[in-house]
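Here is what each chain is made of, one letter per residue.
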Amino acid sequence: VLTVAACAALAPLVSAQSLLFEVVGTQTGAEFGLPLVSIDDIDGDGVRDLVTSAPFVNAPTGEQGEVFALSGGTGALLWSRIGDMDFDGYGSDIALVDDADQDGIDDLAVVDNAFPLPPTLSTIEILSAATGAVLSTIVAPSVTNQFVAPVAVPDADGGGRRDLLVGVLRQE
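Residues numbered from 1 in each chain as written. Predicted model: local features only at pLDDT ≥ 70, side-chain atom pairs only at ≥ 80, totals over all residues. Heavy atoms only, no water.

### A closer look at the pairing of strand E3 (residues 36-39)
Then step 1. Going residue by residue along E3, you find Val 37 and Ile 39 tucked away on one face and Leu 36 and Ser 38 left uncovered on the opposite face.
Then step 2. When E3 meets strand E4 (residues 49-54), the two strands line up antiparallel, connected through four bridges. Looking at E4, one finds that Ser 38 is bridged to Leu 50. (Buried < 20%, exposed > 50% of the residue type's maximum accessible area, 1.4 Å probe, protein only. Helix = DSSP H or I, 4+ residues; strand = E, 2+ residues; numbered from the N terminus. Pairing = 2+ DSSP bridges.)

### Overview of the pattern of salt bridges
Between side chains of opposite charge, a pair can form as their charged atoms come close.
Then step 1. Counted according to the given criterion, the structure contains five salt bridges.
Then step 2. Residue Arg 81 pairs with Asp 84 through a salt bridge whose shortest N-O separation is 3.3 Å.
Then step 3. On the basis of relative accessible area, Arg 81 is assigned to the buried category, the value being 17%.
Then step 4. As a salt-bridge pair, Glu 125 and Arg 81 come within 3.1 Å of each other at their nearest N and O atoms. (Salt bridge = Lys/Arg side-chain N within 4 Å of Asp/Glu carboxyl O.)

### Some thoughts on the sheet that holds E3
Then step 1. The four strands lie next to each other as E3-E4-E7-E8, forming an open sheet whose pairing is antiparallel. Where the open sheet ends on each side, the last strands, each with one partner, are E3 and strand E8 (77-82). Direction aside, neighbouring strands of the sheet carry axes that sit 20° apart on average.
Then step 2. Pairing analysis gives five bridges linking E4 to strand E7 (residues 66-70), with the strands arranged antiparallel. Across the sheet, residue Ala 54 finds its bridge partner in E7, namely Glu 66. (Axes fitted to C-alpha atoms, helices over the stretch in contact; angles between N-to-C directions.)

### What about the pairing of E7?
Taken residue by residue, a regular strand's side chains alternate between the two faces of the sheet.
Then step 1. E7 sits mainly inside the fold: five of its five residues count as buried.
Then step 2. Residues Glu 66, Phe 68 and Leu 70 point to one face of E7 and Val 67 and Ala 69 to the other, with burial holding for every one of them.
Then step 3. With five bridges joining them, E7 and E8 adopt antiparallel strand pairing. Bridge pairing in E8 links Leu 70 to Leu 77.

### Description of the sheet that holds strand E11 (residues 123-127)
Then step 1. Pairing in this open sheet of four strands is antiparallel, and the strands run E9-E10-E11-E12 from one edge to the other. Each edge of the open sheet carries a strand with a single partner, namely strand E9 (94-97) and strand E12 (134-139). On average, each strand axis in the sheet is inclined to that of its neighbour by 25°, with strand direction left out of account.
Then step 2. The pairing of E11 with E12 spans five bridges and is antiparallel. Bridge assignment links Leu 127 to a residue of E12, and that residue is Val 134.

### With respect to unusual backbone geometry
Then step 1. Note that the residue after Leu 34, namely Pro 35, is joined by a cis bond; omega there is 0°.
Then step 2. Within the secondary structure, Pro 35 is located in the loop between strand E2 (18-23) and E3.
Then step 3. Here Gln 102, not a glycine, exhibits a phi torsion of approximately 55°, which is positive.
Then step 4. The topology assignment puts Gln 102 in the loop between E9 and strand E10 (107-112).

### So, the side chain of Glu 125
Then step 1. For Glu 125, the position within the fold is in strand E11.
Then step 2. Take Glu 125: its relative accessible area is 5%, and that puts it in the buried class.
Then step 3. Side chain to side chain, Glu 125 and Arg 81 meet in a polar contact 3.1 Å long.
Then step 4. When residues no more than four places from it in sequence are discounted, the contact partners of Glu 125 are Arg 81, Asp 84, Tyr 90, Leu 108, Ala 109, Val 110, Val 134, Ser 136 and Thr 137. (Polar contact = N/O pair within 3.5 Å; in protein donor to acceptor, adjacent residues only side chain to side chain. Contact = heavy atoms within 4.5 Å.)

### Things to note about the environment of Gly 83
Then step 1. Within the secondary structure, Gly 83 sits in the loop between E8 and E9.
Then step 2. Since its relative accessible area comes to 4%, Gly 83 is described here as buried.
Then step 3. Put simply, Gly 83 and Val 57 are 26 residues apart on the chain and 9.8 Å apart in space, counted from C-alpha to C-alpha.
Then step 4. Excluding residues that lie within four positions of it along the chain, Gly 83 makes contacts with Gln 64, Gly 65, Asp 88 and Tyr 90.

Here it is in structure tokens:
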């Protein structure tokens, strides 16, 4: 269950919070709601929206994982994308990155790892936050590498945009 509550940033009491909405995942054990990323307002209601996932959801052909964009105002589903491979933990990590498709909305880096590792390559898909469309894919150099914990960091290479820092677990 993903529970979204409103709270005043300076309110000293828990009682200042009120429930906005709850979104319930469809499958037990799918880990719906982790991670959770705040994105620009894509549905035009003036409220920042949310992206989350269920990395272990059973999709049509297997445990593929799914990423969801939800209205930050109502919790309504705005778009979703199912991972491409069985047992890939799609969406196990998600990070907000600079606007790759130049639509004025920052985009997403979504980890797609096979579980267990080998023989499938780990990838990071750069998704349009507005539509969920795949803009580009970063592929691990070896089946023994697993991408984890992507994060946008200040511009390190002088390109004028934040860079993507990605952890890599190496399996020997």
